[in-house]
Amino acid sequence: MNEKLKEKIKESLASVLPITIIVLLLSMTLVPMEIGTIVLFLAGAVLLIVGMGFFQLGAEMAMTPLGQSVGARLIKSKRILLIALVIFLMGIIITIAEPDLQVLANQVASIPNQVLIWTVAVGVGIFLVVAVLRILFHISLSKMLLVFYILLFILSFFSPDSFTAVAFDSGGVTTGPMTVPFIMALGVGLSAARSDREGSSDSFGLVALCSIGPIMMVLLLGIFYNPSDAAYTVAEIPVVSTTYDVIKEFGLALPHYGNEVLISILPVAGVFLLFQIFTHSYHKRQVLRMIVGIVYTILGLILFLTGVNVGFAPVGNLLGSGLAESLFKWTLVPIGIVIGFYIVKAEPAVQVLNKQVEDLTGGTISRKMMNTALSAGVACAVALAMVRVLTGINIYWIIIPGYAVALILSHFVPSVFVGIAFDSGGVASGPMTSTFLLPLSMGACLAVGGNVVTDAFGVVALVAMAPLIAIQIMGLVYMHKSKAVSAPVEALPEETVVDIEEDFE
């Protein structure tokens, strides 16, 4: 097996394994399950792990170099209208292929899948253009975020309550494993072509702005679109008695999800083909590598979606309803804390982000500090989501103060931390959130007689919000430590100062 593929599958295993162990422990204690259900869950987990491994490697081989090349090529053209048009179309095409969005669309019964997917995709396209123009014209990220979030919350008061939580969830799931590598690579390509002092700092923030677009578009959809009052029901898990039955269930689902994936990925492959024909940016070896990457992406997506929808998400739903119907329904809160802590700790993209921050601050803020802050933040966010499910508290009571704190902090920390913090929201709300936490919330909400649309949806939004505060607090810590280091330096002999500066570098 390819060594890189082994590494990606190991990363996926680390992401899925903690949740799998928690489910198995709960199935033996608080929520007993049939053996057939557990086998379906484990089979789904295996497909999820292998699928995520193939998908992440494919995205790294194809999406990242494509994003960098498109960004570098576009900025050289210096034609703003051409740049805006291409970026808009790329934003739509990449978003349509996002697996997290497909999972969310399948769970929002009141809105047809394609309506939600295209609404979100257009939102990403528009705000990707905004994000790129910000880099080209050197506009302050914190000021843009403040203006757009104020507009966002004003707009939310005119949209039906049934759309608020779904809208904020869509902002979290859109920036998933498909869009993030491409968007961040696009930012790197644009910033590198600029080659100025602020270039590396401005490469952060694209994901942050792209998260706003889907929220705004879904809120607008709520104003102008009359959804059907679809009833949400507890997911029915098929009865399986033999291993053949398990294989049959997954085998019947594969063609359906294979068709969905091919429709989603073909436009991306078309963009790559047209880009190569018109620019000849890649050598023969690079072209072959990227074609293999696209094949890996397709295979990974098919396995991922099949594993999620057949074996993984239904068990999350069942677990949530089982806990909520028991005498121990409030155990959902501590269980949510544990799940939240391990979900973000195991996300591969979070570890990459933590290393970037450690390198950026010269080790002043270590990966261990970042891990602790993010894990604590997301654990609190999931706990609040479970409290919402059990009590029906309006999501505004949490997200308005949360975003207010995040936006206030953005004016007191270095600008690079603002970009990292708001980008990290999309990183933290990865595949595990939409494939397990959301079904868990929906199952619990139905069991306690709550409103799924207003009470269960919103868990992804809260997970995406937690890093905005956690990482900016890390930025304040960094500023404090930097001042503490620089203050005594002025009083030291010159040769000592040189030694400290060399050590810091």
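Here the structure is a predicted model, which is why all the values come from computation and not from measurement. (Residues numbered from 1 in each chain as written. Predicted model: local features only at pLDDT ≥ 70, side-chain atom pairs only at ≥ 80, totals over all residues. Heavy atoms only, no water.)

**Some thoughts on the packing of helix H5 (residues 113–137) against helix H6 (residues 141–156)**
And step 1. The contact between H5 and H6 brings their axes to 11 Å, and the two run at 150°. Our classification of the angle between H5 and H6 gives roughly antiparallel. The chirality of how H5 crosses H6 is right-handed. Within the contact between the two elements, H5 uses Phe127, Val130 and Arg134 and H6 uses Leu141, Met144 and Phe148.
And step 2. Residue composition of the contact of H5 with H6, by class: 5 nonpolar, no polar and 1 charged. (Axes fitted to C-alpha atoms, helices over the stretch in contact; angles between N-to-C directions. Helix = DSSP H or I, 4+ residues; strand = E, 2+ residues; numbered from the N terminus. Parallel < 35°, antiparallel > 145°, perpendicular 65-115°, else oblique. Left-handed = near helix turned anticlockwise from the far one by under 90°. Contact = heavy atoms within 4.5 Å. Nonpolar A, V, L, I, M, F, W, Y, C, P; charged D, E, K, R; others polar.)

**Structural notes on helix H17 (residues 415–428)**
And step 1. With 14 residues, H17 extends 20 Å between its outermost C-alpha atoms, agreeing within 8% with the 20 Å of an ideal straight helix rising 1.5 Å per residue.
And step 2. Taking burial as the measure, the 14 residues of H17 include 13 buried ones, the bulk of the element. (Expected span 1.5 Å × (residues − 1). Buried < 20%, exposed > 50% of the residue type's maximum accessible area, 1.4 Å probe, protein only.)

**A short note on the pattern of salt bridges**
And step 1. Summed over the entire model, instances satisfying the criterion amount to 4 salt bridges.
And step 2. With a shortest N-O distance of 3.9 Å, Glu11 and Lys8 are connected by a salt bridge. In this pair, Glu11 and Lys8 both sit in helix H1 (residues 3–27), 3 residues apart, roughly one turn of the helix.
And step 3. The buried category is assigned to Lys8, whose relative accessible area is 10%.
And step 4. Ionic pairing is found between Glu60 and Lys8, a salt bridge with its closest N-O pair at 2.9 Å. Of this pair, Glu60 sits in helix H2 (residues 35–77) while Lys8 is found in helix H1, placing the two residues 52 residues apart along the sequence.
And step 5. A residue is classified by how much of its surface remains accessible, and Glu60, at 30% relative accessible area, is partly exposed.
And step 6. It is possible to trace a salt-bridge network through shared partners that takes in Lys4, Lys8, Glu11 and Glu60. (Salt bridge = Lys/Arg side-chain N within 4 Å of Asp/Glu carboxyl O.)

**Looking at the side chain of Thr174**
And step 1. For Thr174, the position within the fold is in helix H7 (residues 161–174).
And step 2. A relative accessible area of 1% means that Thr174 is categorised as buried.
And step 3. For Thr174, the side chain forms a polar contact with the main-chain oxygen of Ser170, separated by 2.4 Å.
And step 4. Once you skip the residues sitting within four places of it in the chain, Thr174 turns out to touch Thr95, Glu98, Val120, Val124, Thr179 and Pro214. (Polar contact = N/O pair within 3.5 Å; in protein donor to acceptor, adjacent residues only side chain to side chain.)

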